[in-house]
Amino acid sequence: MSSLSMSTEVPVKKETKDHVNKSVVYDTKNLNLWYGDNHALKNINLPMHENEVTAIIGPSGCGKSTYIKTLNRMVELVQDVSISGEILYRDKNIFDKNYRVEELRTRVGMVFQKPNPFPKSIFDNIAYGPRIHGIKDKKILKEIVEKSLRGAAIWDEVKDRLQENAYGLSGGQQQRLCIARCLAIEPDVLLMDEPTSALDPKSTLKVEELIKELKENYSIIIVTHNMQQAARISDKTAFFLNGEVIEYDDTDIIFSTPSDKRTEDYITGRFG
Amino acid sequence: MTIRGQFVSELSELKGEIMRLGAMVERAFDETIEAIRKKQYAKLDDIIDNDKNINDLELAINDKATLMIAKQQPVASDLRKIIVSLKVSSDLERMGDLSVDMAKSALRLNDRINLEKFEEELLSMASKAKIMIKAVLIAYRDSNVLEAQKIAAMDDDVDSAYGKFIQSIFEVVAVETGITEQVTQMAFISRYIERIADYCTNIAEWIIYEVNGKRFDLN
């Protein structure tokens, strides 16, 4: 695909105040994406930093879910997608011909809007990934399952029923189980696409607390429709509108003194 | 009405309430000064009693603002408008208290001693403060940063008038006897006027914060 010439460069601050010593996990450069003729992502330039929560906000159809699915190349499963530009993950362009997408998805876990446990036991849900990676030793698998479930703050609730079907868990527990499933393969990055939108307030709070804890060891990118959630849990926020990044900055700045009027209008509920 | 529309209308009601509080504070100040000018000391008791209404309205504004934050979880400029409404109403309430302090001091003045020269200076200082109160209320009503910035220069005028007034009091007290109590009350009143002007400057700073999101020291 020939890249379109973009006349307007979106002003995105590469380095915000506390970024001096944080390494960049993902660096998106001049990313454009089309679904057929529909130009869904327009000249995206975004850095994402280690051990931070980056929130992506914006109205429905603004491209935020497309963007997060591009970060692990899941978007390529959609028919008729074309992409130009680069996404550097740990300094390597994920669109390079020689880049192994399986390797990328091992390093980058994803949690979806609706919890999607496998129709298996709680234990097998977590052990699934490690088994695929060739781990057969039961003792090691047990350790991984416990560590992952503890990491997702659900161990105490399920430790006595690991052999029960995961479908028997509540929605909030299922979502934390899915997060634990991601953790089992020891990823580097967690992508979360509206992970709490199907959860009640109490479960939402648990997942939010978990996200805050997880950022100590992982870099997290979360798409959310919940402004207060973005404000509560993220370090950086990117505001998407009509496929463009309108503003990217420290979350504290986005929610107090955004520099673009469209950001202000969106976060204060004037549209969207 | 849409949820957003309702919130916008609540914001505008909130500002309306603060303007009402501002009008009450302005009137309390004007009436105190008028009572001093006309030596109608009986009126001062009414001013002291009326302060309760100012306090009540400030509490009502606090309740309304708290409820708006709880229900709407505002951010950015919406949040600043509400936070500033709390700050401005608190400053106005303090200005009301200072008018009460002025009235109490004025009650201790009596007209057996001729202090016309001082009175003239005091009233001239009061009229500067009066203009500031009016100007800052209008600037707040209109969220007008340029007008808010002008308040600082006005405050400098009041400060300098206050300095001169205190200086002239010192000079007279050093040579005249029997007027200490009177002159001290006048010094208090002038101090209260100067504080009221400072609160006007505070409010002007809040106006700038409301609009720009940045604190700006006008003092």
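Residues numbered from 1 in each chain as written. Chains lettered and ligands numbered in written order. Predicted model: local features only at pLDDT ≥ 70, side-chain atom pairs only at ≥ 80, totals over all residues.

Chain B has the name Phosphate-specific transport system accessory protein PhoU in an unreviewed UniProt entry, where Evansella tamaricis is given as its organism. For chain B, the Subunit (unreviewed entry) comment in UniProt is given as "Homodimer." If you open the UniProt record of chain B and go to Sequence similarities (unreviewed entry), you find "Belongs to the PhoU family." (UniProt positions renumbered as here; feature names shortened; annotations may be inferred.)

Colleague: I would appreciate a short explanation of the overall build of chain B in the present structure.
Modeller: What chain B contains, in helices and strands, is 6 helices and 0 strands. Based on the C-alpha atoms only, the size of chain B along its principal axes is roughly 70 × 35 × 20 Å. The buried share among the 219 residues of chain B stands at 36%. The long-range share in chain B, meaning contacts at least 24 apart out of those at least 6 apart in sequence, stands at 80%. (Helix = DSSP H or I, 4+ residues; strand = E, 2+ residues; numbered from the N terminus. Buried ≥ 20, exposed ≤ 12 C-beta atoms within 10 Å, placed from the backbone. Contact = placed C-beta atoms within 7 Å.)

Colleague: Explain the overall build of chain A here, please?
Modeller: When its secondary structure is counted, chain A shows 10 helices and 10 strands. If one aligns the C-alpha atoms of chain A with their principal axes, the spans along those axes are about 60 × 40 × 35 Å. Long-range pairs, those at least 24 residues apart, make up 70% of the contacts in chain A between residues at least 6 apart in sequence.

Colleague: In this structure, what is going on with unusual backbone geometry? I would like to understand it.
Modeller: In terms of backbone geometry, most residues other than glycine have negative phi values and most peptide bonds are trans. Non-glycine residue A:D80 carries a positive phi angle of around 65°. Locating A:D80 in the fold gives a position in the loop between α1 (64-71) and β4 (81-89).

Colleague: I'm lost on the UniProt feature "domain: PhoU" (unreviewed entry) in chain B in this one. Help?
Modeller: Taken from the UniProt record, the annotation "domain: PhoU" (unreviewed entry) applies to residues 18-105 and 123-207 of chain B. The distance from the first to the last C-alpha atom of residues 18-105 of chain B is 27 Å, and the span holds 92% helix and 0% strand.

Colleague: Which parts of the structure should I look at to understand the interface of chain B and chain A?
Modeller: For an interface, size is often stated in terms of accessible area lost upon the parts coming together. Taken together, the contact between chain B and chain A spans 8 residues of the former and 12 residues of the latter. Of all the elements, helix α3 (residues 76-107) of chain B adds the most residues to the side of chain B that touches chain A, at 3 residues. When grouped by side-chain class, the residues that make up the side of chain B that touches chain A number 3 nonpolar, 3 polar and 2 charged. (Nonpolar A, V, L, I, M, F, W, Y, C, P; charged D, E, K, R; others polar.)

Colleague: Help me understand helix α7 (residues 201-214) of chain A in this model?
Modeller: The α-helix advances 3.6 residues per turn, and as a result positions three or four apart in sequence lie on the same side. Residue and element names in this part refer to chain A. If you check α7, its first and last C-alpha atoms are 20 Å apart, about what 14 residues at 1.5 Å a residue would give, namely 20 Å. Of the positions making up α7, those classed as buried are K206, V207, E208, L210, I211 and L214. Buried residues belonging to α7 abut β3 (53-57), α6 (171-183), β7 (189-193), β8 (219-223) and α8 (227-233). (Expected span 1.5 Å × (residues − 1).)

Colleague: So what exactly am I meant to see when it comes to the packing of helix α4 (residues 116-141) of chain B against helix α5 (residues 145-175) of chain B here?
Modeller: Describing two packed helices takes the angle between their axes plus the distance from one axis to the other. Residue and element names in this part refer to chain B. Here α4 crosses α5 at 165°, and the two axes come no closer than 10 Å. By the angle between their directions, the pair α4 and α5 is classed as roughly antiparallel. Both α4 and α5 take part in a crossing whose hand is left-handed. Along the contact surface, α4 presents E121, L122, S124, M125, K128, A129, I131, M132, A135, V136, I138 and A139, while α5 presents E147, A148, I151, M154, D155, D157, V158, A161, Y162, F165 and S168. Partitioned by chemical class, the residues of the contact of α4 with α5 number 16 nonpolar, 2 polar and 5 charged. (Axes fitted to C-alpha atoms, helices over the stretch in contact; angles between N-to-C directions. Parallel < 35°, antiparallel > 145°, perpendicular 65-115°, else oblique. Left-handed = near helix turned anticlockwise from the far one by under 90°.)

Colleague: Hey, could you run me through the nonpolar core in this one?
Modeller: It is characteristic of soluble globular proteins that their nonpolar side chains tend to be buried jointly. A:I56, A:A180, A:L190, A:L191, A:I220 and A:I221 are the most contacted members of the largest nonpolar core, which totals 72 residues. Per-element tally for this core: the top contributor is α6(A), with 6 residues. B:I47, B:L57, B:I82 and B:L137 belong to the second-largest nonpolar core, a separate cluster that totals 58 residues. (Core = buried A, V, L, I, M, F, W, Y, C linked by C-beta atoms within 7 Å.)

Colleague: Explain the sheet that holds strand β2 (residues 38-49) of chain A here, please?
Modeller: Paired through backbone hydrogen bonds, the strands of a sheet run either parallel or antiparallel to each other. All names here are of chain A. If you trace the 4 strands from one edge of the open sheet to the other, you get β2-β1-β4-β5, paired in antiparallel fashion. Two strands lie at the open edges of the sheet, namely β2 and β5 (92-93), each paired on one side alone. Pairing analysis gives 8 bridges linking strand β1 (residues 24-35) to β2, with the strands arranged antiparallel. Its bridge partner lying in β2, D27 is registered against P47. Lying over the sheet, α1 contacts β1, β2 and β4, oriented at roughly 60° with respect to β2. (Pairing = 2+ DSSP bridges.)

Colleague: Teacher, can you tell me more about the packing of α5(B) against helix α6 (residues 180-212) of chain B here?
Modeller: Residue and element names in this part refer to chain B. Interaxial distance between α5 and α6 falls to 9 Å at its minimum, and their mutual angle equals 165°. The angle between α5 and α6 places the two elements in the roughly antiparallel class. Considering the relative orientation of α5 and α6, their crossing is left-handed. Tallied by class, the residues present in the contact of α5 with α6 amount to 20 nonpolar, 4 polar and 4 charged.

Colleague: I keep staring at the pairing of β3(A) and nothing clicks. Help me out?
Modeller: Moving residue by residue along a regular strand, the side chains alternate between the two faces of the sheet. Residues and elements named next belong to chain A. The buried count for β3 comes to 5 of 5 residues, which makes it a mostly enclosed element. With burial as the criterion, each face of β3 is covered, one bearing V53, A55 and I57 and the other bearing T54 and I56. Of the pairings in the sheet, the one linking β3 to β8 comprises 4 bridges and is parallel in character. Bridge pairing in β8 links V53 to I220.

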